Amino acid sequence: MTILSSTQLHSFRLSDLRVDYNDNWIWAEESARRGEAYDVAPDYEVFWSDEGDALVMLTVKCVASKEAKGACRFREVSATGWGILSFGDEVEEDERERRAYINGPAMLHGMLRGVINSATGSCVGGPFILPTVNYLEVFKRKAEQLSLSDLEEEEQAGIEDDATEAAGVNE
């Protein structure tokens, strides 16, 4: 018996991979090689097909943190991947959106982790393991930014309407 999930990642494509190794790390004292830390910046977009599938693009950029207690092996590791999510017929539209915006990036993150691990596996010091990210928090932050930009646009439109009205300009 085969049971399929009602959300499937059925296509993945890597469109960008950047690995900038820090050669100075090799020459650093052993004690300076401990305490690596990276700032992780994920970003994503979701596009919809007429059939209701979601095309998710995820970019994750990891940059050596200025607050690292030691030398970091990599100056930067970043990757962008695209995936197509399909949903079972029983999945309602609002649930599709939630899954696309939260679960989609999390699914692609796992794919990018494998790609980065493979690409950096032979580097001195071992592979770079892409840190985990709480995509629910990323989604909330993104939604907050969108709400703020929508409010700013509405506010600006209101100011322009007021200025047009004050000037007595008719459309």
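Just so we're clear, the structure is a prediction, and the values are computed from it rather than from any experiment.

Enquirer: Run through the overall build of the protein chain, naming residues and quoting values.
Expert: Counting secondary structure elements, the protein chain contains three helices and four strands. Secondary structure elements in the protein chain, listed N-terminal to C-terminal, are β-α-β-β-β-α-α. Considering the protein chain as a whole, with its 171 residues, one finds that 30% of them fall into the buried category. Contacts spanning at least 24 positions in sequence make up 72% of the contacts within the protein chain whose residues lie at least 6 apart. Summed over all atoms, the accessible surface of the protein chain reaches about 11100 Å², with 49% contributed by carbon and sulfur.

Enquirer: Give me the lowdown on the pattern of salt bridges, citing residues and values where you can.
Expert: Across all of its chains, the model carries eight salt bridges by this definition. The partner of Arg18 in a salt bridge is Asp20, with the nearest N and O atoms 3.7 Å apart. Overall, Arg18 belongs to the partly exposed group, its relative accessible area being 41%. Between Glu137 and Lys140 there is a salt bridge, with the nearest N and O atoms lying 3.8 Å from each other. Separated by three residues within a single helix, Glu137 and Lys140 lie in helix α3 (residues 135-167), roughly one turn from each other. Linked by salt bridges that have partners in common, Arg18, Asp20, Arg75 and Glu76 make up one network.

Enquirer: Could you give an account of the pairing of strand β3 (residues 54-64), naming the residues involved and the relevant values?
Expert: One ladder, built from 11 bridges, connects strand β2 (residues 38-48) with β3; its direction is antiparallel. Bridge assignment links Pro42 to a residue of β3, and that residue is Val60. Hairpin remark: β2 followed by β3, antiparallel, with five residues in the connecting loop; positive phi at Gly52, about 95°.

Enquirer: I'd love a proper account of the sheet that holds β3, names of residues and values included.
Expert: The antiparallel open sheet is built from four strands, whose spatial order is β1-β4-β3-β2. Each edge of the open sheet is held by one strand with a lone partner, namely β1 (7-21) and β2. On average, each strand axis in the sheet is tilted by 15° relative to the strand beside it, whichever way the strands run. Set on the sheet, helix α2 (residues 93-120) makes contact with β1, β2, β3 and β4 (74-87); between it and β4 the angle comes to about 135°.

Enquirer: Tell me what's going on with the packing of aromatic side chains, and back it up with residues and numbers.
Expert: If you walk through the whole model with that rule in mind, you get six aromatic pairs. Both rings, one in Tyr21 and one in Phe74, keep their centres 5.2 Å apart while their planes meet at 90°; by these two values the pair is edge-to-face. Here the residue Tyr21 occupies a position in strand β1, and Phe74 occupies one in strand β4, the gap between them amounting to 53 residues. In this structure, Tyr21 and Phe74 share a single accessibility class: buried. Judged by centre distance (5.0 Å) and plane angle (85°), the rings of Tyr38 and Phe128 are edge-to-face. One end of the pair, Tyr38, is in strand β2; the other, Phe128, is in the loop between α2 and α3, and 90 residues separate them in sequence. Classification of Phe128 as buried rests on a relative accessible area of 2%. Of the aromatic side chains, those joined through ring pairs into one cluster are Tyr21, Tyr38, Phe74 and Phe128. Residue placement shows Lys142 over the ring face of Tyr44; its charged tip is 5.2 Å from the ring centre.

The rules we used
Residues numbered from 1 in each chain as written. Predicted model: local features only at pLDDT ≥ 70, side-chain atom pairs only at ≥ 80, totals over all residues. Heavy atoms only, no water. Helix = DSSP H or I, 4+ residues; strand = E, 2+ residues; numbered from the N terminus. Buried < 20%, exposed > 50% of the residue type's maximum accessible area, 1.4 Å probe, protein only. Contact = heavy atoms within 4.5 Å. Areas by Shrake-Rupley, 256 points an atom, 1.4 Å probe, with all protein chains shown as cover. Salt bridge = Lys/Arg side-chain N within 4 Å of Asp/Glu carboxyl O. Pairing = 2+ DSSP bridges. Axes fitted to C-alpha atoms, helices over the stretch in contact; angles between N-to-C directions. Phe/Tyr/Trp six-rings, centres within 6.5 Å; stacked < 30°, edge-to-face > 60°. Lys NZ or Arg CZ within 6 Å of the ring centre and 35° of its normal.

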